[in-house]
Every structure is written in structure tokens, then in C-alpha cells.
Amino acid sequence: MTDKTLDILCIGEPLGEFNATRGEAGSFRFGHGGDTSNCAIAAARQGASVAYAGALGDDSAGRSFRELWARENVDDSHVTTHPTAPTGLYFVDHGPNGHVFSYLRAGSAASLCGPRDLPLDLVRSAKVVQASGISQAISASACDAVFEAFAAARASGVTTAYDTNLRLKLWPLTRARAIIHAACAMADIVLPGFDDATQLTGLSEPDAIADFYLGLGARIVALTLGHEGSLVATPERRQRFVPIKVDAIDATGAGDCYDGAFLAEYVRTGDPFVAAAYANVAAALSTLGYGAVAPLPKRADVEARMAVEARA
């Protein structure tokens, strides 16, 4: 896309994850989460050069993230460590209607970040800057930081990408709708999930939802449809992508995996439809294990499965 060396910069809140394991009641496995961190790792596993901007607490969860990002080749040199505020945490339970999230994130280190903490030189040097509704919901200052990052990115010709990721435990729908719509109007690529989009737009048809976000100014809309795959639309073209068949165990990180895989492949090819076909497979493969990060596939896994699907 450009001659810039950093492919993707993700902005948001890392969260320590306690994922309920099947079997013994009250048993949880520690892992790592936070939507934009998951996206960053997913993109890095596809071969993209990735950096993260945010904050961690000076605690075991924060140090664990540093170790994780080092292993995953995600540049964390612009992630600060807060001396007193903690790293946010969340718990995942698995019920008959899917996964249920509970959070311990009030006053987290990431929520204290604001525009003054942005690495603006890094924002301007990336090919893509990615953030989400959660990146903005955690505090007013964090919300402003995303707007500032997107403004700086667009002024420098950097592609902006935004996942609506609605969490009504963090803010009321009316405010979420206003902020998220405003951010989507500054995004070149909008990555909504269907359930979120129906609440945010009041629409129930995928094509109508895609038209809504294109109407806000997006160049590309990649709408994930859960078990029904995804729809990708530009002003000139749109295409549905059906899901591949897998024995899904845990879909905790599937949407974030889709984002990271889509953006990595889009940076590589410049084609949103090629990127969507790739991300569709990556997201399905991410459901084959527990937790948000551990089952995120690598490029070799995705390409191998795509080859199998092509022969079928």
C-alpha cells in the first residue's frame, strides 16, 4: 500500500483473561485478551509488522502481556506502565447461549490514557491504525485519544480501521451510538459485528447495515455474521463469504481474529475481498481452542486450510 515499514498500529486496552474451563466448577485458565490486543496478535501471526499503544499496570498481568507481545513480535515500546493503576481483567463463562463476559476494569491503566499519551509519530508512520468501540468506551480521555489518533492518521494518509465492538456494560446505547457513529465517519475500514450493528443502526438486513456504514463515509465495510460468515462491501461491489465447517469450541476471539487477519491481508494485497476470504477462514480456525489468544491461527495454518477448501 505504501513504503511505510509499520503495517498496523492497534490502540486500546489489554485485559488479563480468566476463561472458565469445562469440568471442575469454578476453574479458570489465565490468558490474555482485550479486543485490540487480540487483533494485533492475530495480525502478527499472519506476518504483519504490528505495534500496540496503550497502558498496563505494574502487576503480574501487565508483565505477562509484555512477555506475550515479545513472543508474538508485537512492538510494545509505546505501551506505558502505570505505577498504581491496574491492568484490567475479565472472566469468560460458557453458557447455553455462548460465552458470557464479566469485567474488572474500572480505573484500569488503559482507561487513564488520553490524547497526550498518543505516539503520534507512530500513528503517522503506520499503514493502518486500528481501534474499537471498547477503546473509546473505557473513559472519556481514551475516547478522545482514538479521535485524535484517527485525525492524525487521516491527515497523514494513513488508513484507519474501526471495529464497533459494542459493550453496553461500559456505556449506554445512546452515547455509544453517537461516539461509534462519529468514529466510523473517520474510518476508512469499518468492521462491525452483526449483533452490534443491529443495535447501533436499528437495521436487521446485512446489506442495509453495509449501506449505512458506507453512507457514513467508509471505503470498506466488513460485516461479520457469526455462523453465516461475512459480508464485505465497497461503494462499487459487495460479496458474501460463507463460513467453513469446523468443530467450534470457543468463539471468544473470533471477531478479533477476523479483524487482525483481514487487516494483515489487506495490507499485503490491497484487495478487501481477498482479505475477507482469508479472514473468514482464520476466524473459523480461531474457535478450535479455548481463550482469545492461544487458538489464533498462523498464516501457514490459514493457507493450508484454504488449500483444502479450494480442492473440496
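Located above this text is the structure these notes cover.
To keep things clear, this report deals only with the structure shown in the data block. What you are looking at is a predicted structure, and each value in this text was computed from that prediction instead of being measured.

This part takes up the overall build of the protein. What the protein contains, in helices and strands, is 11 helices and 13 strands. Relative to the 2.2 N^0.38 estimate, which gives 20 Å for 312 residues, the radius of gyration of the protein is 18 Å and therefore close to what a compact globule would have. Expressed along its principal axes, the backbone C-alpha trace of the protein runs to roughly 50 × 50 × 40 Å. Summarising the internal contacts of the protein: among those between residues at least 6 apart in sequence, 70% fall at separations of at least 24. For the protein, the exposed surface amounts to about 12,600 Å²; the carbon and sulfur share of it is 53%.

It is worth spelling out unusual backbone geometry at this point. Unusually for a residue other than glycine, Asn 73 sits at a positive phi of about 60°. Positionally, Asn 73 belongs in the loop between α2 (60-72) and β5 (74-82). Phi is positive for Asn 165, which is not a glycine, with a value near 30°. Accessibility expressed as a relative area gives 9% for Asn 165, which makes it buried.

Under the defined criterion, the tally for this structure stands at 16 salt bridges. Between Arg 219 and Asp 188 there is a salt bridge whose closest N-O contact spans 3.5 Å. Note that Arg 219 is positioned in the loop between α8 (206-216) and β11 (220-224) and Asp 188 in the loop between α6 (173-184) and β10 (189-190), a separation of 31 residues in sequence. Judged by relative accessible area, which is 36%, Arg 219 ranks as partly exposed. Between Glu 265 and Arg 299 there is a salt bridge whose closest N-O contact spans 2.7 Å. Taken as a pair, Glu 265 in helix α9 (residues 254-269) and Arg 299 in helix α11 (residues 299-311) lie far apart in primary sequence, 34 residues in all. Overall, the relative accessible area of 3% leaves Glu 265 in the buried class. Each of the salt bridges in this network shares a partner with another, and the network as a whole consists of Glu 265, Arg 268, Arg 299 and Glu 303.

What follows concerns the side chain of Ser 139. Its place among the elements puts Ser 139 in the loop between α4 (133-137) and α5 (140-155). Within polar-contact distance, the side chain of Ser 139 engages the backbone oxygen of Ser 111 at 2.5 Å. Excluding residues that lie within four positions of it along the chain, Ser 139 makes contacts with Ser 111 and Cys 113.

The rules we used
- Residues numbered from 1 in each chain as written.
- Predicted model: local features only at pLDDT ≥ 70, side-chain atom pairs only at ≥ 80, totals over all residues.
- Heavy atoms only, no water.
- Helix = DSSP H or I, 4+ residues; strand = E, 2+ residues; numbered from the N terminus.
- Rg over C-alpha atoms; globule rule 2.2 N^0.38 Å.
- Contact = heavy atoms within 4.5 Å.
- Areas by Shrake-Rupley, 256 points an atom, 1.4 Å probe, with all protein chains shown as cover.
- Buried < 20%, exposed > 50% of the residue type's maximum accessible area, 1.4 Å probe, protein only.
- Salt bridge = Lys/Arg side-chain N within 4 Å of Asp/Glu carboxyl O.
- Polar contact = N/O pair within 3.5 Å; in protein donor to acceptor, adjacent residues only side chain to side chain.

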